[in-house]
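Summary of structural features
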Amino acid sequence: MTKAILVNLEYCTGCHSCEVACKKELGLPKGEFGIKVTEVGPFKYSEREAVKDKWEWTYSPVITQACDMCEARTAIGKMPMCVQHCQAWCMYYGEASDLVAKMDNQNRWALLTNKEA
């Protein structure tokens, strides 16, 4: 089965606590990340009526090649450090198929995997 991390992008605030927890757990040096929060925006929409006069500012955690989904922690039943330390409680860990079932068509979601378990 494939393990994954699901992120509800509607609630990610870009606090970077997942980055900090991951760097500490993996002992990564400055400039290297296991998970990296990217930022898009801010920018304003003006054409489509549904989003006219609305602003977009989105944060997206992205798994890098350094991520091992905290193999040592998850092997003993713990959550990956990024998920455990998410301040917005918008990250979930589990089987990819179970996480896909959690998506609700109401929010923007990102399913992150790094390898076959």
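For the structure itself, look to the data block above.
Given the structure is predicted, the values throughout are model-derived calculations rather than measurements.

Broken down by element type, the chain carries four helices and five strands. On the principal axes, the C-alpha backbone points of the chain span a range of 50 × 35 × 20 Å. Every one of the 117 residues in the chain was classed for burial, and the buried ones make up 34%. Long-range contacts, defined as pairs at least 24 residues apart, comprise 63% of the intrachain contacts of the chain with a sequence gap of at least 6.

So, on to the side chain of Ser 17. Within the fold, Ser 17 resides in helix H1 (residues 17–26). Ser 17 gets classed as buried once you look at its relative accessible area, which sits at 16%. When neighbours within four sequence positions are excluded, Ser 17 is seen to be in contact with His 85, Cys 86 and Gln 87.

What follows is about the nonpolar core. Ranked by internal contacts, the top residues of the largest apolar core, which has 19 residues, are Ile 5, Val 7, Cys 82 and Met 91. Elements supplying a minimum of two residues to this core: strand E1 (3–8), H1, strand E2 (35–44), strand E3 (55–63), helix H3 (81–84) and strand E5 (109–112). Once you skip the residues sitting within four places of it in the chain, Ile 5 turns out to touch Ile 63, Met 69, Pro 80, Cys 82, Val 83, Met 91, Tyr 92, Tyr 93, Leu 99, Ala 110, Leu 111 and Leu 112. By size, the runner-up hydrophobic cluster in this structure holds five residues, among which are Ala 4, Ala 96, Leu 99 and Trp 109.

As a further point, take H1. Those residues of H1 that sit buried are Ser 17, Cys 18, Glu 19, Ala 21 and Cys 22. In this structure, the buried side of H1 is in contact with E2, E3, H3 and strand E4 (91–95). Gly 27 lies just past H1 and shows a positive phi near 65 degrees.

Rules used throughout
- Residues numbered from 1 in each chain as written.
- Predicted model: local features only at pLDDT ≥ 70, side-chain atom pairs only at ≥ 80, totals over all residues.
- Heavy atoms only, no water.
- Helix = DSSP H or I, 4+ residues; strand = E, 2+ residues; numbered from the N terminus.
- Buried < 20%, exposed > 50% of the residue type's maximum accessible area, 1.4 Å probe, protein only.
- Contact = heavy atoms within 4.5 Å.
- Core = buried A, V, L, I, M, F, W, Y, C linked by side-chain atoms within 4.5 Å.

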